[in-house]
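# Structural overview for review
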Amino acid sequence: MKTDTPVDFETFFSARARALQSSVIRETLKITERPEIISFAGGLPAPETFPVREMLAALERVLTRRGADALQYSTTEGFAPLREWIAARKGTPEAPVRPDQVLIVSGSQQGLDLLAKALIDPGDRVLVETPTYLGALQAFSLFGPRFVSIASDADGLMPETLSEPLRGAKFLYCLPNFQNPTGRLLAEERRHRLAEKARELDFIILEDDPYGDLSYAGGAPCSIRSLAPERTVYMGSFSKILSPGIRLGYLIAPDVLHAKLVQAKQATDLHTSTLSQMAAYEVVKDGFLEGHIPAIRKLYGDQCRAMLDALSRHMPDGVRWSSPKGGMFLWAELPRGMDATKLMRRAVETARVAFMPGEPFYAENPAPETLRLAFVTAPRPRIEEGIERLAGLIRAGC
Ligand SMILES: Cc1ncc(COP(=O)(O)O)c(C=O)c1O
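Let us look at the structure shown here. (Residues numbered from 1 in each chain as written. Predicted model: local features only at pLDDT ≥ 70, side-chain atom pairs only at ≥ 80, totals over all residues. Heavy atoms only, no water.)

## Section: the site of the ligand
Within the structure, the ligand sits among 13 residues, and Ser 108, Asp 208, Tyr 211, Ser 237 and Ser 239 are positioned closest to it. Here an oxygen atom of the ligand sits 2.9 Å away from a polar atom, N or O, in the main chain of Gln 109. Interatomic distance of 3.0 Å between a side-chain N/O atom of Lys 240 and an oxygen atom of the ligand. Protein coverage of the free-state accessible area of the ligand, which is 400 Å², stands at 91%. Across the shell around the ligand, the residue classes break down as 4 nonpolar, 6 polar and 3 charged. (Near = heavy atom within 4 Å. Polar contact = N/O pair within 3.5 Å; in protein donor to acceptor, adjacent residues only side chain to side chain. Areas by Shrake-Rupley, 256 points an atom, 1.4 Å probe, with all protein chains shown as cover. Nonpolar A, V, L, I, M, F, W, Y, C, P; charged D, E, K, R; others polar.)

Structure follows, in structure tokens:
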């Protein structure tokens with residue numbers, strides 16, 4: 001019998017898997033790994049901010065003192081001291097956080113997947129900002145929602161557009177602080193209006209906040225959870241303040257939903273890496289972040305200014321961009337009629353510079369002239385050079 005008959009896997013895939021497309025983010029990251037490319041594409045934190053020495057010392061301490069525990073299976077909810085630390089850091093007098101409301105996840109991206117599993121049936125309406133985080137659109141899409149795009153402007157999503165026809169929507173996914181991809185900050189007054197609207201129309205809020213600590217001036221408006229703790233799931237991450245490679249994030253959820261998310265996580269991966277959790281706790285427990293976060297804010301604020309200066313110096317008339325007050329990204333618009341996806345291809349091929357076209361960040365009706373520029377990965381002289389090259393292409397009308 002012939003044993004090497006090719007298998008047509010397409011016929012075996014589930015309908016869900018057939019609908020999957022490869023991630024534009026990952027594909028882009030592959031290109032940007034080439035050293036000759038100046039990349040403003042991926043959302044990669046600056047490697048010089050990674051606490052390599054501190055992690056090494058922490059791992060040594062953890063393995064010396066509690067090696068067997070660190071290498072053993074552990075609870076789905078997460079390492080108790082880390083959950084207590086998160087609860088103490090994120091609780092406010094109006095909205096305290098109990099450690100048993102915290103669920104440690106393998107990166108907040110897993111939080112998005114677990115929430116989608118727990119909440120979305122095919123055809124359910126899911127409200128998203130315009131534009132929104134591409135990774136969330138991917139995570140939710142697997143479960144077949146109908147996305148409804150909520151209008152947004154420079155101050156974030158516009159709660160006044162949430163009206164009666166949206167009653168029955170499952171949840172609203174929002175990024176109030178230095179949003180990916182636009183860098184926008186949701187105005188304080190809109191946070192209050194959003195909390196009211198959620199109560200009035202009875203939907204859940206998923207508040208995704210990986211960038212809240214990265215305000216250049218320090219501080220950020222109140223969290224949405226603090227305004228509606230009974231119906232908000234808050235998502236946090238260690239990726240942008242410690243390291244994305246350790247894959248550590250967390251959810252703070254109301255009790256009944258928390259229990260469902262624990263069941264979903266059990267079925268997904270049993271628990272988050274015990275070693276990562278114990279080492280991260282060892283790094284942060286005595287106040288390391290009090291000095292580390294301000295250093296990251298200073299670096300990113302300087303890099304942001306360098307990109308804004310380069311854009312002012314080099315971009316032709318008709319190109320517009322945002323001025324973020326925190327985070328890792330700014331959002332730009334090309335002159336009307338230009339297509340950022342086409343420009344991206346030309347930019348990589350001929351100018352050796354990369355960025356993210358805006359299109360995949362829209363759930364519907366993409367604006368082809370938009371793009372996202374990450375200013376934290378390339379060092380400052382390369383930012384100047386990359387923007388100059390990109391401006392040259394735009395001026396040439398590519
Ligand atoms: C808005 C947003 N949510 C979630 C994530 C995923 O982060 P994590 O590394 O914690 O999985 C990212 C990553 O860039 C993001 O920008």
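Once the structure has been displayed, the description carries forward.
## Some thoughts on the sheet that holds strand β15 (residues 370–374)
Here we have 4 strands laid out as an open sheet, ordered β11-β12-β15-β14, and antiparallel in their pairing. In this open sheet, the two edge strands, each paired with only one partner strand, are β11 (320–321) and β14 (356–357). Examined bridge by bridge, strand β12 (residues 329–333) and β15 share 5 bridges and lie antiparallel to one another. Considered in β15, the bridge of Trp 331 is made with Arg 372. (Pairing = 2+ DSSP bridges. Helix = DSSP H or I, 4+ residues; strand = E, 2+ residues; numbered from the N terminus.)

## Regarding the nonpolar core
Formed by 77 residues in total, the largest nonpolar core has its most connected members in Phe 238 and Leu 373. It is helix α10 (residues 288–314) that contributes the most residues to this core, 9 residues altogether. Taken together, domain 1 (16–45 + 290–395) and domain 2 (72–287) each give at least three residues to this core, which thus spans both. Once residues within four sequence positions are removed from consideration, Phe 238 is found in contact with Leu 82, Trp 85, Ile 86, Ser 243, Ile 246, Leu 248 and Tyr 250. One finds Leu 112, Phe 140, Phe 147 and Met 235 within the second-largest nonpolar core, a separate group that totals 29 residues. (Core = buried A, V, L, I, M, F, W, Y, C linked by side-chain atoms within 4.5 Å. Buried < 20%, exposed > 50% of the residue type's maximum accessible area, 1.4 Å probe, protein only. Domains from an automatic or database assignment. Contact = heavy atoms within 4.5 Å.)

## Section: unusual backbone geometry
Residue Thr 130 is joined to Pro 131 through a cis peptide bond whose omega torsion reads -10°. As for its placement among the helices and strands, Pro 131 is situated in the loop between β3 (125–129) and α6 (134–141). Residue Pro 181 is bonded to the preceding Asn 180 through a cis peptide linkage, with omega at 20°. Along the chain, Pro 181 turns up in the loop between β7 (171–174) and α7 (188–201). We note that Arg 247 has phi near 50°; this positive angle belongs to a residue other than glycine. When you line up the elements, Arg 247 lands in the loop between β9 (232–237) and β10 (249–252). For Arg 247, a relative accessible area of 36% corresponds to the partly exposed category.

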